[in-house]
Amino acid sequence: QVQLVESGGGLVQAGGSLRLSCAASGRTFSFFAMAWFRQTPGNEREFVASILWNGVYAYYADSVTGRFAISIDNAKNMIYLEMNSLKPEDTAVYYCAQREGIATMSTDRGAYDYWGQGTRVTVSS
């Protein structure tokens, strides 16, 4: 069974940077997609970024394109989300997710099989 654990959240000033990490364990598939989603109290969980197992293909939500970068390190079973030029609107709990098997990247939260518990990011103005 796959387990995902996020870390790296915290308080950062607007315009600053933060790096989130997701440690994965129990993977049984060679081909998979990973993603980051985020959620605020008054909204549904929304897509942020996704990446395939080989790290070659990545996709970003329009709201973070050019500011965030997703990466994967299979040797360490880790994925990362580098967040730059942070805005107060980026404040949310960020979740790591995995889609197993012969998968494509998806912005649909229902397409993902495993989820972490989230790490909180607060961007002050």
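Up top is the structure these notes are about.
For every chain, the first residue of its written sequence is number 1, and the numbers climb from 1 along that sequence. Where totals are concerned, whole chains, interfaces and linings use all residues; where local detail is concerned, this predicted model gives features only for residues with pLDDT of at least 70, and gives and counts side-chain atom pairs only at 80 or more. With hydrogens and water excluded, all non-hydrogen atoms of the structure serve as input to the side-chain values.

Student: Outline the overall build of the protein chain, listing residues and values.
Tutor: Put simply, DSSP H or I for four residues or longer makes a helix, DSSP E for two residues or longer makes a strand, and each gets a number counted from the N terminus. The number of helices and strands found in the protein chain is 0 helices and 11 strands. Start at the N end of the protein chain and walk to the C end: the helices and strands fall as β-β-β-β-β-β-β-β-β-β-β. The reference for a compact globule is 2.2 Å times residues^0.38; the radius of gyration itself is calculated from the C-alpha atoms. The C-alpha atoms of the protein chain give a radius of gyration of 13 Å, which matches the 14 Å a tight globule of 125 residues would have. For the protein chain, the spread of C-alpha atoms along the principal axes amounts to about 40 × 30 × 25 Å. The contact criterion used is simple: two residues touch if any of their non-hydrogen atoms lie within 4.5 Å. Contacts in the protein chain between residues far apart in sequence, at least 24 positions, make up 59% of those at least 6 positions apart. With residues, only the protein chains shown are counted as cover, and all accessible areas are computed by Shrake-Rupley using a 1.4 Å probe. Taken as a whole, the protein chain presents about 6500 Å² of accessible surface, with 47% of it coming from carbon and sulfur.

Student: Could you give an account of the pattern of salt bridges, with specific residues and numbers?
Tutor: For this analysis, a salt bridge means a side-chain nitrogen from Lys or Arg found within 4 Å of a carboxyl oxygen belonging to Asp or Glu. Taken as a whole, this structure holds 4 salt bridges when the rule is applied. With a shortest N-O distance of 2.9 Å, Arg 38 and Asp 90 are connected by a salt bridge. Placement of the pair is Arg 38 in strand 4 (residues 32-39) and Asp 90 in the loop between strand 8 (78-83) and strand 9 (92-100), with a sequence separation of 52 residues. The two residues Arg 38 and Asp 90 agree in class, both being buried. We note a salt bridge from Arg 67 to Asp 90, for which the minimum N-O separation is 2.8 Å. Of the two residues, Arg 67 is situated in the loop between strand 6 (58-60) and strand 7 (68-73) and Asp 90 in the loop between strand 8 and strand 9; the sequence distance between them amounts to 23 residues. Exposure class is identical for Arg 67 and Asp 90. Each is buried. Here the salt bridges share partners, and the residues they tie into one network are Arg 38, Glu 46, Arg 67 and Asp 90. With a 1.4 Å probe rolled over the protein chains alone, any residue whose accessible area is under 20% of its type maximum counts as buried; one over 50% counts as exposed, and the rest are partly exposed.

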